[in-house]
Amino acid sequence: MQVDLGCGDGSFLCELAQQFPHKNLLGIERLTKRVDKVRRKAEKIENVRVVRADTLFAVRDLLPENSVEAFYLLFPDPWPKRRHQQRRIFTREFLDAIAAALEQNGVLHVATDQLDYFRQIERLSRTDSKFAIVDRDGVVLPATKFERTFREQDLPIYRLTLRRTSPVK
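In what follows, the accompanying structure is described.

Moving on to the side chain of Arg-164. For Arg-164, the location among the structural elements is in strand S7 (residues 158-164). One buried charge, Arg-164, has no salt-bridge partner; the nearest side chain with opposite charge is Glu-65, at 7.0 Å. Only 2.5 Å separates the side chain of Arg-164 from the backbone oxygen of Leu-102, close enough to count as a polar contact. Dropping the residues within four chain positions of it, Arg-164 is found in contact with Asn-66, Ala-99, Leu-102, Glu-103, Gln-104, Asn-105, Gly-106, Lys-130 and Phe-131.

Let us look at the sheet that holds S7. Spatially, S3-S2-S1-S4-S5-S7-S6 is the arrangement adopted by the seven strands of the open sheet, whose pairing is mixed. Two strands in the sheet have a free side with no partner beyond their single neighbour: strand S3 (48-52) and strand S6 (131-134). Within this sheet the neighbouring strands show an average axis-to-axis angle of 20 degrees, counted without direction. Pairing between strand S1 (residues 2-5) and strand S4 (residues 68-74): three bridges, direction parallel. Each residue of the ladder has a partner; that of Val-3, found in S4, is Phe-71. Sitting on the sheet, helix H1 (residues 11-19) is in contact with S1, strand S2 (25-29), S3 and S4, with an inclination near 175 degrees to S2. In this fold helix H4 (residues 92-101) packs onto S1, S4, strand S5 (102-112), S6 and S7, with an angle of close to 140 degrees to the strand it touches most, S5.

Conventions and cut-offs
Residues numbered from 1 in each chain as written. Predicted model: local features only at pLDDT ≥ 70, side-chain atom pairs only at ≥ 80, totals over all residues. Heavy atoms only, no water. Helix = DSSP H or I, 4+ residues; strand = E, 2+ residues; numbered from the N terminus. Buried < 20%, exposed > 50% of the residue type's maximum accessible area, 1.4 Å probe, protein only. Lys, Arg positive; Asp, Glu negative; His and termini not counted. Salt bridge = Lys/Arg side-chain N within 4 Å of Asp/Glu carboxyl O. Polar contact = N/O pair within 3.5 Å; in protein donor to acceptor, adjacent residues only side chain to side chain. Contact = heavy atoms within 4.5 Å. Pairing = 2+ DSSP bridges. Axes fitted to C-alpha atoms, helices over the stretch in contact; angles between N-to-C directions.

See below:
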């Protein structure tokens, strides 16, 4: 299974599902109107499901251990104001939940247009022994709505791919 965290309007999720018709894809979205929009887009796509839930809750409490091949966290809300930054999804608790749900050698793909947030993500990732930062190896993913907008504005996009590693014993 592959999981799109914060699937937004569903364009990425639906394109990915068509790119990988033999994979099961799950979109997790907190906002009801967005979930409805994704469901309408995906109603004729057999391998897509969407659930309305808080991202951390869904990853930590709804997904079985070792059940996810890949997570996609693409352009999460950056909460740019310093007083709001504690609301950012990418935390140690989030990484722990991702690690538990990922199968061995599963990956987490992250993209953001915010350099400050990217540096925070990279810093946390480098200090977590459950993950290794890996090359994207030519992985070409469908563009999200946000990515298309940022590219049109010629803004940089920062990407990171993490692979779950074996725990050291």
